[in-house]
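Structural overview for review
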Amino acid sequence: MARTPEEWGALLGSTLAKMQASDPRFLLPAMSPDCSRIITETIAVIVAEARLQGRDDALVGLQGPTIARSRLHA
């Protein structure tokens, strides 16, 4: 089951908060390379998951009429 946008936001926020807590210099003065990497990797996972969910939804949509037609002919 796919995560909701709120769950992804909470996961990313929690990860960044833990990183900042472990290193007070984490966000000073600008976003560190680690912060940028974490955000980029998280977004990549979100996009990949959304694509998979979209494919699954499309396949179900394509199979729906086929299943309905096979029931009519049964």
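Everything that follows concerns the structure shown earlier in this document.
Residues numbered from 1 in each chain as written. Predicted model: local features only at pLDDT ≥ 70, side-chain atom pairs only at ≥ 80, totals over all residues. Heavy atoms only, no water.

So, on to the nonpolar core. Among the nonpolar cores identified, the biggest contains five residues, and these are Leu12, Leu16, Met19, Cys35 and Ile38. Where this core is concerned, the elements lending two or more residues are helix 1 (5–22) and helix 2 (33–73). Top element by residues in this core is helix 1. It accounts for three residues. (Core = buried A, V, L, I, M, F, W, Y, C linked by side-chain atoms within 4.5 Å. Buried < 20%, exposed > 50% of the residue type's maximum accessible area, 1.4 Å probe, protein only. Helix = DSSP H or I, 4+ residues; strand = E, 2+ residues; numbered from the N terminus.)

Here the focus is the pattern of salt bridges. A full pass over the atoms with the stated rule returns one salt bridge. Residue Glu41 is joined to Arg37 by a salt bridge in which the shortest nitrogen-to-oxygen separation is 3.4 Å. Taken together, the residues Glu41 and Arg37, both in helix 2 and four residues apart, mark about one turn of the helix. (Salt bridge = Lys/Arg side-chain N within 4 Å of Asp/Glu carboxyl O.)

Compared with the 26 Å implied by 1.5 Å per residue over 18 residues, the 26 Å span of helix 1 between its first and last C-alpha is a close match. Those residues of helix 1 that sit buried are Trp8, Leu12, Leu16 and Met19. One side of helix 1 holds all its buried residues, which, seen down the axis, span an arc of 60°. Exposed positions of helix 1 whose direction lies more than 90 degrees from the buried face are Glu6, Lys18, Ala21 and Ser22. (Expected span 1.5 Å × (residues − 1). Arc of directions from axis to C-beta.)

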